[in-house]
Amino acid sequence: MANGKDLRRLALALEGTTEAPHFDRAAFKVARIYVTLAADGLSANLKLSPDEQELKCLLAPAAFAPVPGGWGRQGWTTATLSELSAAELSDVLETAWRHALPKRRARL
C-alpha cells in the first residue's frame, strides 16, 4: 500500500525531477509537471496518454480514474495511492515522467 511519502521519494529519485507548490498540491516536474500530490497525501494526479489512462482505469478501477472534465480527456488520471503497491506506483510514475521529459530526451 503506497502513500504520499512513497510518491515523493520515488518521484524525486527520477532524474531531473524537482518539487514545487502548485495551488493546494505539491507538483513534481522535469520539463513539465507530470504528477501532483494532494495535500492530504492520499491521491495524486498523473499525466498519462489517453490510451495509458484507459488501460489503467480498466485494469485497476479502484486505483485509477480520469480527472473530471477536459484535464481527464488529456490523460490526467487520479491515482488512489492506498490501492497501489510501491512497485505499481513506481511504474506509473516513470511512465508519467517520460511524458514530461524534454522532447530531445523523451527517446530514453
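Anything mentioned here points back to the structure above.
Calculation notes
Residues numbered from 1 in each chain as written. Predicted model: local features only at pLDDT ≥ 70, side-chain atom pairs only at ≥ 80, totals over all residues. Heavy atoms only, no water. Buried < 20%, exposed > 50% of the residue type's maximum accessible area, 1.4 Å probe, protein only. Helix = DSSP H or I, 4+ residues; strand = E, 2+ residues; numbered from the N terminus. Pairing = 2+ DSSP bridges. Expected span 1.5 Å × (residues − 1). Contact = heavy atoms within 4.5 Å. Core = buried A, V, L, I, M, F, W, Y, C linked by side-chain atoms within 4.5 Å. Patch = residues over 30% accessible without salt bridge, like charges linked within 9 Å, V, L, I, M, F, W, Y side chains within 5 Å. Areas by Shrake-Rupley, 256 points an atom, 1.4 Å probe, with all protein chains shown as cover. Salt bridge = Lys/Arg side-chain N within 4 Å of Asp/Glu carboxyl O.

**Digging into the pairing of strand 3 (residues 33–37)**
With four of five residues buried, strand 3 lies mostly within the body of the structure. The hairpin turn running from strand 2 (residues 25–29) into strand 3, its antiparallel successor, is three residues long. Inspection of the sheet shows strand 3 paired to strand 4 (residues 43–47) by three bridges, in the antiparallel sense. Within the sheet, the bridge partner assigned to Val35 lies in strand 4 and is Leu46. The turn linking strand 3 back onto strand 4 is made up of five residues, and Gly41 within it adopts a positive phi angle of 75 degrees.

**Side note on helix 4 (residues 86–100)**
Taking 1.5 Å per residue as the helical rise, helix 4 with its 15 residues ought to reach 21 Å, and the 21 Å between its terminal C-alpha atoms agrees with that figure. Those residues of helix 4 that are buried lie in contact with helix 1 (4–13), strand 3, strand 4, helix 2 (50–59) and strand 5 (64–66).

**Brief notes about the environment of Pro102**
Within the secondary structure, Pro102 is located in the segment after helix 4. A C-alpha to C-alpha distance of 5.5 Å links Pro102 and Ala31, two positions 71 residues apart in sequence.

**Describing the nonpolar core**
One finds Leu7, Phe28, Tyr34, Val35, Leu89 and Leu93 to be the most contacted residues of the largest nonpolar core, which totals 27 residues. Listed by contribution, the elements that provide at least two residues to this core are helix 1, strand 2, strand 3, strand 4 and helix 4. Element by element, the count of residues in this core is highest for helix 4, at six residues.

**Some thoughts on the environment of Pro50**
Positionally, Pro50 belongs in helix 2. Here the alpha-carbon distance between Pro50 and Leu89, two residues 39 residues apart in the chain, equals 18 Å.

**Re the pairing of strand 1 (residues 18–22)**
Two strands pair when backbone bridges link them, and strand 1 and strand 2 are joined in this way by five bridges, in the antiparallel orientation. Across the sheet, the residue bridging to His22 is Arg25, located in strand 2. Between strand 1 and strand 2, which pair antiparallel and follow one another directly, the connecting turn spans two residues, one of which, Phe23, has a positive phi of 55 degrees.

**A word on a nonpolar patch on the surface**
A cluster of nonpolar residues, Leu55, Leu58 and Leu59, forms a patch on the protein surface that exposes about 360 Å² of accessible area. Turning to its location among the elements, Leu58 is positioned in helix 2. The exposed category is assigned to Leu58, whose relative accessible area is 65%.

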